[in-house]
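A structural walkthrough
The chain contents come next:
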Amino acid sequence: MDFTTVIGLEVHAQLLTKSKIFCSCSTTFGASPNSHTCPVCLGMPGVLPVLNKTVVEFAMKMALATNCNINKFSSFARKNYFYPDLPKAYQISQYSEPLAEHGYMDIELDGKMKRIGITRIHIEEDAGKLLHDDHNPFSYVDLNRTGVPLIEIVSEPDMHSAEEAAAYLRALHEILVYLEICDGTMEEGSFRCDANVSIMPVGSQEFGTRAELKNMNSFRNVQRAIEYEVKRQSYLIENGGRVIQETRLWDANAGVSNSMRGKEEAHDYRYFPDPDLLPVIVNDDWIARMRESLPELPAAKRARFIADYEIPAYDAGVLTADKRLSFYYEEVVRLSGKPKQASNWVMGEVLRLLNEDKKDISACAVSPAGLAMLLELIEKGTISGKMAKDVIVEMYVAGAMPDEIIATKGLSQISDESAIIATITDIIAKNPEQLEQFRAGKDKLFGFFVGQAMKATGGKANPALLNDLLKKMLAAN
Amino acid sequence: MKIGKAEVAHIANLSRLEFGDAEMELFTSQLNDILLYMEKLSAVDTASVMPATTQEMARHNAFREDVVAPSLSSEEALRNAPDATGDCIRVPKVVE
């Protein structure tokens, strides 16, 4: 039987505020356990939460960047459940009146555009962290994360393959990082994804029963977990079984998911309005200010790079994947006026050097001004492209400008015609046998003469000039 | 009856609480008393009244600025915990 896969994603993104959502504790990751807590986030009796304004503004930015309608009126609700990572025994979230709804994202997959609907974006608080003891019957609770602000972005069930889900996820991630409202680190849990997956016979209008997948901490694992789930459900149905609605935990090491049966699943959240918090009312003026504060988003930047700099779509994709890299590239272009060469060098040598060191562009010792100068020196013929590849390595290591390196290493290219002629004359004199064979038609000996000339000049002869002169002189004598 | 024993048992289960038969009887009866008392509120016509959480529209957008203030020390934070080791609260293991 052929099936259509139906996927909806719920993404939780931690917001990059300095303080928590309802109290003034720090949100810094990695502090010693339970050192960023106070009576509010510990859920002590008698305390009152007060909403962090920046949380609302960050959430509004994401809502606008994903084409959502921002609700003029939104409110908070309590989601009740009992778990040791939640000291109040309820999570403050938004339920019937979320901040934003009805948005969409356009994703590109295999050169085709597809629109994925966004159901809603709401604000909520994160829970604490549990550490489990492998050898003793205990779990340990760290409440530093309790009250760290989150936005939850819920998609429509518009994705039909694991690849589409991964593409949507990457697009969301890219925007969050561009907006500088989330650091996007999946390993540290600041960007988390749950997937609702079901299958139905091709042509069917009615969705199958869905399973909810959790615990996928990388883009690759999201894709693997969905692929596994589609296979599992197809196998069940084809063998006369049926899919039950359940939550499944992905086990990346085993490459399988396991049902989370029992109490963990007995959810009955009994949402009700949180009487401690006043509603949020957003006016047009505030929305307009947020809209003005949005940076150029990745899709728009890609289109502009392709149009203005005439670079291929693939290159534009690489150069805009990281906002800082796109700034770096544009600075090189601005200083050098050479968008194509700049793209080649940034994508080639700069990214290669950074990848080898597992560093990102913010740690790059080759400054945009240095790279722009290097492009200029190549164009002027001071150094060859090949020599420039050595120079950029020196620039990367020493953080120096290319002219300094060329001067100290004596690297500058020989473009003086008379000097090259002298070298060639000498080589021809020393290799009469090869010259005779070349003139007799053994063309590939041309390479031999190039090699000898390069050797004699320490690789500094201007290659184009050397070629021209060699051709003339080998033929002429 | 506003609430039956089955629902009390369900909420107890969600709350990770275990009760004996006598306690179930007692709590079901007490919860019924409370809910029936609260039901007196239903007699009031509230059609024209805003929900308690929204109040009049003048009361909204109570914000704080995004500024960090000192937290409790971990010793203070753990002082009320029934069980703690090192910097963490210790609880019975919650996943198998």
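Residues numbered from 1 in each chain as written. Chains lettered and ligands numbered in written order. Predicted model: local features only at pLDDT ≥ 70, side-chain atom pairs only at ≥ 80, totals over all residues. Heavy atoms only, no water.

Moving residue by residue along a regular strand, the side chains alternate between the two faces of the sheet. Residue and element names in this part refer to chain A. Of the strand pairs in this sheet, strand β13 (residues 211–216) and strand β14 (residues 246–251) are connected by four bridges, and their pairing is parallel. Looking across to β14, one finds that Leu-213 is bridged to Arg-248. With helix α3 (residues 219–238) bridging β13 and the parallel β14, this β-α-β connection has left-handed handedness. As judged from the four bridges shared by β14 and strand β15 (residues 256–259), these two strands associate in the antiparallel manner. Pairing of Asp-251 across the sheet is with Val-256, part of β15. Taking the residues between adjacent antiparallel strands as the criterion, β14 and β15 are bridged by four residues, where Gly-255 takes a positive phi near 70°. (Pairing = 2+ DSSP bridges. Helix = DSSP H or I, 4+ residues; strand = E, 2+ residues; numbered from the N terminus. Right-handed = clockwise from strand over helix to strand, strands pointing away.)

Applying the stated rule across the entire model yields 14 aromatic pairs over all chains. When the ring of Phe-191 of chain A is compared with that of Phe-219 of chain A, the centres are 6.2 Å apart and the planes differ by 50°; the resulting orientation is tilted. A residue pair is termed long-range when its members are at least 10 positions apart, and Phe-191 of chain A in strand β12 (residues 191–201) and Phe-219 of chain A in helix α3 qualify at 28 residues. Phe-219 of chain A sits in the buried class, given a relative accessible area of 15%. Taken together, the ring pairs connect Tyr-81, Tyr-95, Tyr-269 and Tyr-271 of chain A into an aromatic cluster. Between the NZ or CZ atom of Arg-115 of chain A and the centre of the ring of Tyr-104 of chain A, over which it lies, the distance is 3.7 Å. We note Arg-90 of chain B situated over the ring of Phe-138 of chain A; from NZ or CZ to the ring centre the distance is 3.8 Å. (Phe/Tyr/Trp six-rings, centres within 6.5 Å; stacked < 30°, edge-to-face > 60°. Buried < 20%, exposed > 50% of the residue type's maximum accessible area, 1.4 Å probe, protein only. Lys NZ or Arg CZ within 6 Å of the ring centre and 35° of its normal.)

This part takes up the sheet that holds strand β5 (residues 77–80) of chain A. All names here are of chain A. An order of β6-β5-β16 is seen for the three strands of this open sheet, with the pairing classed as antiparallel. With one partner strand each, in any of the chains shown, β6 (90–93) and β16 (272–273) form the two edges of the open sheet. Here β5 pairs with β16 via two bridges, running antiparallel. Paired with Arg-78 across the bridge in β16 is Phe-272.

At the interface, 38 residues of chain B touch 56 residues of chain A. Buried surface at the junction of chain B and chain A, both sides included, amounts to about 4,000 Å², of which 60% is carbon and sulfur. When the area that chain B buries against chain A is broken down by residue, the three leading residues are Phe-63, Arg-64 and Asp-66 of chain B, summing to 18%. Joining chain B to chain A, the criterion identifies one salt bridge. The shortest N-O distance in the salt bridge between Glu-7 of chain B and Arg-270 of chain A comes to 3.3 Å. On inspection of chain B and its partner chain A, the count reaches 20 residue pairs in polar contact (both at pLDDT 80 or more). Among the elements of the structure, α1 (5–14), β1 (63–64), α3 (74–78) and β3 (88–92) of chain B are those that each provide at least two residues to the side of chain B that touches chain A. (Contact = heavy atoms within 4.5 Å. Buried area = accessible area lost by both parts, 1.4 Å probe. Salt bridge = Lys/Arg side-chain N within 4 Å of Asp/Glu carboxyl O. Polar contact = N/O pair within 3.5 Å; in protein donor to acceptor, adjacent residues only side chain to side chain.)

Residue position: Asp-142 of chain A is located in strand β10 (residues 138–142). Not counting residues within four places of it along the chain, the set of residues in contact with Asp-142 of chain A comprises Pro-33, Asn-34, Gly-128 and Lys-129 of chain A.

Most of β10 of chain A is tucked away, with four of its five residues classed as buried. Pairing between strand β9 (residues 129–132) of chain A and β10 of chain A: four bridges, direction antiparallel. For Leu-131 of chain A, the partnering residue across the bridge sits in β10 of chain A and is Tyr-140 of chain A. Here β9 of chain A hands over to β10 of chain A after five residues, the two strands then running antiparallel side by side. When β10 of chain A meets β3 of chain B, the two strands line up antiparallel, connected through four bridges. If you follow Tyr-140 of chain A over to β3 of chain B, its bridge partner there is Arg-90 of chain B.

Residue and element names in this part refer to chain B. Across chain B, the average pLDDT comes to 85, with 89% of residues at 70 or higher. For chain B, per-element mean pLDDT is lowest for α1, which scores 87, and highest for β1, which scores 94. Interface predicted TM-score (ipTM) for the complex: 0.81; the corresponding pTM is 0.81. (pLDDT = per-residue confidence, 0-100.)

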